[in-house]
Amino acid sequence: MRRRKFLRYTGTGLLGLGLGAVPAGNIIRAAGSNAPDAVWVENGEPAALLQAAIEAYGGMRRFITDGDVVVIKPNIAWDRAPEFASTTNPELVAALVKVCREAGAKEVKVFDRTCNNPRRCYRSSRIEEVAKSAGADVDQVRDYLFTDISLANGEELSEWPIYRDYLEADKVINVPIAKVHSMSTVTVGLKNLMGVMGGDRGSIHNRFTTKLIDIDQEILPTLTIVDAYRVLMHNGPVGGDLADVKTARTLIMSDCTVTADALALRLFDYQMDQVEHIKEAYRRGLNKYALDGVNLKTVNLS
């Protein structure tokens, strides 16, 4: 029985049993696969970027099997139109829903715990509209569906509530948009996982680096796809001025969230020493690949 299935059957007894941890990945590697560690695709539209990345990465069937329940976790946090680059590109989310379905997913769920009014965020981002049309179940997050998990290796935290649908999914695809952030310097894959965290998220910002990694190390996704079609270069994470947005027409994919985040720093010309929470993830061994040894495949669609 896979760990996620076991979590489903044990339900809210997780904490008492000390079984809160979710495995990192659940990746299915093809025997003899020559797939790279990460893929960087540029100069395309969102759906074309995704398709090229998946092909370069060995196909979605590496990650999804028939009958899987798949969670797609975009950034829907803010009441902003896609052009402001505060939320994940809706065309990318819709294309990803279709790809997951074609790969055999029985059900695809899309959700995020928003910062602004959820109804407005879901509508303004256009993610609710297009993801539903593509075949996903798109629901707002409900407070009663968070479950405490144990953080066995936490340095600051020993438990935290995580959204139950995320814990119970067979596969999880994290789809952050790359942005600067006034508190954490940038927000990419590691920070995007705050959208499945319950409780008082504001308290995480006190000793942020340690607390975020305490939680993240237990809930790492199967796959991370960084939306860098538009990149918010200033006044993040909320934005609101089109002058702050760079159209990079880029996408990054990896089965290692830390690697995807580290690669995304190139979008901003940042170095690792400038982003404490990504550096902390490496210090605590959340990376699958060495920082200076990533087998990166680059695809240019121009």
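Residues numbered from 1 in each chain as written. Predicted model: local features only at pLDDT ≥ 70, side-chain atom pairs only at ≥ 80, totals over all residues. Heavy atoms only, no water.

Student: Describe the confidence of the model for the protein chain, naming the residues involved and giving the relevant values.
Tutor: Overall, the predicted model of the protein chain reaches an average pLDDT of 91, with 89% of residues at or above 70. pLDDT under 50 marks residues 1–32. Its contacts with residues more than four places away, or in other chains, come to 67 contacts. (pLDDT = per-residue confidence, 0-100. Contact = heavy atoms within 4.5 Å.)

Student: Which residues make up the pattern of salt bridges, and what values go with them?
Tutor: Across all of its chains, the model carries 16 salt bridges by this definition. A salt bridge links Arg-126 to Glu-129, with the nearest nitrogen and oxygen atoms 3.5 Å apart. In this structure Arg-126 comes out as partly exposed when scored by relative accessible area, which is 32%. What makes Glu-129 partly exposed here is its relative accessible area of 47%. Taken together, the shared-partner salt bridges connect Glu-155, Asp-214, Glu-280, Arg-283 and Arg-284 into one network. (Salt bridge = Lys/Arg side-chain N within 4 Å of Asp/Glu carboxyl O. Buried < 20%, exposed > 50% of the residue type's maximum accessible area, 1.4 Å probe, protein only.)

Student: I'd like to hear about the pairing of strand β2 (residues 69–74), residue by residue, with values.
Tutor: Within a regular strand, side chains alternate between the sheet's two faces. Along β2, six of the six residues are buried, which leaves the element largely enclosed by surrounding structure. Covered by surrounding structure in β2 are Val-69, Val-71 and Lys-73 together with Val-70, Ile-72 and Pro-74, the residues of both alternating faces. Pairing of β2 with strand β3 (residues 107–110), which is carried by four bridges, proceeds in the parallel orientation. Bridge pairing in β3 places Val-69 opposite Glu-107. As for the winding sense of the linkage, the β-α-β connection from β2 through helix α4 (residues 90–102) to β3 is right-handed. Relative to strand β7 (residues 171–175), β2 runs parallel, the two being bridged by five bridges. For Ile-72, the partnering residue across the bridge sits in β7 and is Ile-173. (Helix = DSSP H or I, 4+ residues; strand = E, 2+ residues; numbered from the N terminus. Pairing = 2+ DSSP bridges. Right-handed = clockwise from strand over helix to strand, strands pointing away.)

Student: Provide a residue-level description of the layout of surface pockets, including the pertinent values.
Tutor: Roughly 290 Å³ of internal volume is contained in the largest pocket. Residue lining of the largest pocket: 18 residues in total, with Ala-77, Trp-78, Cys-115, Lys-191 and Met-194 positioned closest to the centre. Listing elements by their share of the lining of the largest pocket, those giving two or more residues are β8 (177–181) and α8 (189–192). Residue classes in the lining of the largest pocket are distributed as six nonpolar, six polar and six charged. Size it by volume and the second largest pocket reaches roughly 180 Å³. Thr-259, Ala-262, Leu-263, Leu-265, Arg-266, Tyr-270, Gln-271, Met-272, Tyr-282, Leu-291 and Val-294 are the residues that line the second largest pocket. The element best represented in the lining of the second largest pocket is helix α10 (residues 257–264), accounting for three residues. A per-class count over the lining of the second largest pocket returns eight nonpolar, two polar and one charged. (1 Å grid on protein atoms, 1.4 Å probe; cavity = no way out; pocket = protein on both sides within 12 Å on 5 of 7 lines; lining within 4 Å. Points joined across faces, edges and corners; volume = space filled by probe spheres on them. Nonpolar A, V, L, I, M, F, W, Y, C, P; charged D, E, K, R; others polar.)

Student: Give a description of the pairing of strand β10 (residues 223–232) that names residues and reports values.
Tutor: Here β10 lies mainly inside the structure; nine of its ten residues are buried. As paired elements, β7 and β10 share two bridges and run parallel to each other. Its bridge partner lying in β10, Asn-174 is registered against Thr-224. Relative to β10, β8 runs parallel, the two being bridged by two bridges. Looking across to β10, one finds that Lys-179 is bridged to Leu-232. The sheet contact formed by β10 and strand β11 (residues 245–254) spans eight bridges and is antiparallel. If you follow Asp-227 over to β11, its bridge partner there is Leu-251.

Student: Which residues make up the packing of aromatic side chains, and what values go with them?
Tutor: Scanning the entire structure with this criterion turns up four aromatic pairs. On the basis of an interplanar angle of 55° and a centroid distance of 5.0 Å, the ring pair of Phe-111 and Tyr-163 is categorised as tilted. Of this pair, Phe-111 sits in the loop between β3 and α5 (118–124) while Tyr-163 sits in strand β6 (residues 159–163), and the two are 52 residues apart along the sequence. By relative accessible area, Tyr-163 is classed as buried at 3%. (Phe/Tyr/Trp six-rings, centres within 6.5 Å; stacked < 30°, edge-to-face > 60°.)

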